[in-house]
Amino acid sequence: MGKWTQSVTAKVLGIGVLALLMTIPLLQVRELVGERQQLREGAIAQIAQGWGGQQVLGGPVLVVPTLRQVAPDGQAAPRWQAGSESVLADALKLDVAMAVETRSYGIYAAPVFVATVKLGAQFRAQDIAQYRRASNAMWQGGKAELRLPVGDLRGLQEVTELRINGQPARFESSADRLGSWPNVVVPIDLDALGEQPIDVQIGLKLAGTEALQLLPLARSTDVTIRAPWRDPSFVGAALPLARSIDGHGFSAHWHLLDLNRSYGQHWSDDDNMQPALQASTFGVQLYQPVDVYQRNVRAGKYGLLFIAMTFVAFFLFEVLKRLRVHPVQYLLVGAALATFYVVLLALSEQIGFGPAYALAAAAVAVLVGGYAMAVLRARRAGLLLGGVLGLIYAMLYGLIAAEQYALLIGALVLLAMVALMMYLTRRIDWYAYVTTSSEPTEPPAAIMERS
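Residues numbered from 1 in each chain as written. Predicted model: local features only at pLDDT ≥ 70, side-chain atom pairs only at ≥ 80, totals over all residues. Heavy atoms only, no water.

As recorded by an unreviewed UniProt entry, the protein carries the name Inner membrane protein involved in colicin E2 resistance and is attributed to Rhodanobacter denitrificans.

Draft legend 1. The arrangement of the pattern of salt bridges in detail. Applying the stated criterion across every chain, the model contains 10 salt bridges. The shortest N-O distance in the salt bridge between Arg154 and Asp152 comes to 2.6 Å. Its relative accessible area of 44% is what places Arg154 among the partly exposed residues. When salt bridges with common partners are traced through the structure, they connect Asp90, Arg124, Asp127 and Arg219 into a single cluster. (Salt bridge = Lys/Arg side-chain N within 4 Å of Asp/Glu carboxyl O. Buried < 20%, exposed > 50% of the residue type's maximum accessible area, 1.4 Å probe, protein only.)

Draft legend 2. Structural detail: unusual backbone geometry. Unusually for a residue other than glycine, Asn165 sits at a positive phi of about 50°. Here Asn165 lies in the loop between strand 8 (156-164) and strand 9 (167-168). Among the residues examined, Asn165 registers a relative accessible area of 29% and is labelled partly exposed. Not every positive phi belongs to a glycine, and Glu210 is a case in point at roughly 75°. If you trace the backbone, Glu210 turns up in the loop between strand 12 (198-209) and strand 13 (211-214). (Helix = DSSP H or I, 4+ residues; strand = E, 2+ residues; numbered from the N terminus.)

Draft legend 3. Quick peek at the sheet that holds strand 4 (residues 89-105). Read across the sheet, 8 strands follow the order 9-8-12-5-4-14-17-16 without closing on themselves; strand pairing throughout is mixed. Edge positions in the sheet fall to strand 9 and strand 16 (242-246), since each of these pairs with one other strand and no more. In this sheet, strand 14 (residues 218-227) lies alongside strand 4 in parallel orientation, the contact comprising 8 bridges. By the bridge assignment for strand 14, Ala89 is matched with Ala218. (Pairing = 2+ DSSP bridges.)

Draft legend 4. Spatial organisation of the packing of aromatic side chains. Scanning all chains against the criterion turns up 11 aromatic pairs. Geometrically, the ring pair formed by Phe353 and Tyr357 is tilted, given 5.9 Å between the ring centres and 40° between the ring planes. In this pair, Phe353 and Tyr357 both sit in helix 10 (residues 353-376), 4 residues apart, roughly one turn of the helix. Take Phe353 and Tyr357: they sit in the same class, and that class is buried. Each member of the aromatic cluster is reached from another via a ring pair, and the members are Phe340, Tyr341, Phe353, Tyr357, Tyr393 and Tyr397. (Phe/Tyr/Trp six-rings, centres within 6.5 Å; stacked < 30°, edge-to-face > 60°.)

Draft legend 5. The arrangement of the UniProt feature "transmembrane region" (unreviewed entry) in the protein in detail. Sites flagged by UniProt as "transmembrane region" (unreviewed entry) map to residues 12-29, 302-320, 327-347, 353-374, 381-400 and 406-424. For residues 12-29, the end-to-end C-alpha separation is 26 Å, with 94% helix and 0% strand making up the annotated structure. This span, residues 353-374, is 100% helix and 0% strand, and a straight line between its end C-alpha atoms measures 32 Å. (UniProt positions renumbered as here; feature names shortened; annotations may be inferred.)

Draft legend 6. Highlighting helix 3 (residues 23-51). Taking 1.5 Å of rise per residue, 29 residues should cover 42 Å, and helix 3 covers 42 Å from first to last C-alpha, within 8% of that figure. The complete set of buried residues in helix 3 reads Leu26, Val29, Val33, Arg40, Ala43, Ile44, Ile47, Ala48 and Trp51. In the segment just after helix 3, Gly52 is the residue with positive phi, at about 130°. (Expected span 1.5 Å × (residues − 1).)

Draft legend 7. Representation of the nonpolar core. Grouped together as the largest cluster of nonpolar side chains are 51 residues, with contacts concentrated most on Leu62, Met98 and Ile198. Of all the elements, strand 5 (residues 108-123) adds the most residues to this core, at 6 residues. Discounting chain neighbours no more than four positions away, the residues touching Leu62 are Glu85, Ser86, Val87, Phe123, Ile128, Ala144, Glu145, Leu146, Ile188, Leu190 and Ile198. In terms of nonpolar packing, the next biggest core, distinct from the first, is built from 49 residues, Ala313, Phe340, Ala360 and Leu385 among them. (Core = buried A, V, L, I, M, F, W, Y, C linked by side-chain atoms within 4.5 Å. Contact = heavy atoms within 4.5 Å.)

See the structure below:
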């Protein structure tokens, strides 16, 4: 048993156990990345608190109060039950120009915008008359409202224009909601309008943070958005029919029909419309391509692999040079490799991911290479190990940068590394005893199997 514990195989198994122990600090680093990401999200929430959060904007919806006669069981006399019915516009057109800037809270930053919106909506008189006749409730047309859903009313900076059939009007606040979104409302007297269509023209300025989404609340919805932001991410239920992206910003155009969504032009308050409305949103997110936390997470996923590869390199030097490396020395090397991810996270928040990665990788490669010179008592071996570590970090950066091909590249690199280790260890006698260079033993070739 004592001889077996001194064998090369036992040494390999011990190194494997040490590598697994290094998962503990790696997991702690991953939790630290999550905590820093939560701090960033909290900072963005603080920015949105005073500016406006991710915005959702819809077209005006005609909401008509109703009275319906109901006869509950066990009661002879019927009673009147209040409700409402909603009618969407026939056509909706939005022209949105976004002015974008970056706001900071501490070390964290987020893109914010002010959207200048020109909105036009038309309600057909035929649609209103049709839904009124088809209703099994009595419409109270004199108390109707036009409701405009806005995701975060804190961002509604100014209403520059509001005209109904050419006549000026004013929005009022309301406790009513469309789905999950608050509204601003303007009263409209359908009884006084008679058999007339309704034309609504709205101009407003809407502030928000990171994203602007729209609701297709019309039979035909036409939207144009433009902004001086070079990295837009088009999100939601519909992608733009046409888009243009260059160094100055982007412009995108959507055109949606009522056939493209899962709800109709008319519904009552008894219908649960929130899921369907939520699923129909579309728009743009001001994407930040340098997401340091996402890249730190991706780097950490390869942590155990590269710690194991560095341990293997130490082991090969130990066996082929007939040296002895203590398990504590392996642990110190592993601690240096784990520290890389902490340094990377701290620096990337300050100077960006690319420069932070270069500095952290260089520092750890020099640290481990210098330590290897002392442990292995060979300057050339230390330089070689530092160079190998630098190459490993270069490969890791390539994996992080190649988002769509990371799995393919990682699989090929792993296969190549396994093949290289098999080649380098093909002559090692795994039953041989580990000895030091000071002991009178056979030369290195004697502990290898002869092919």
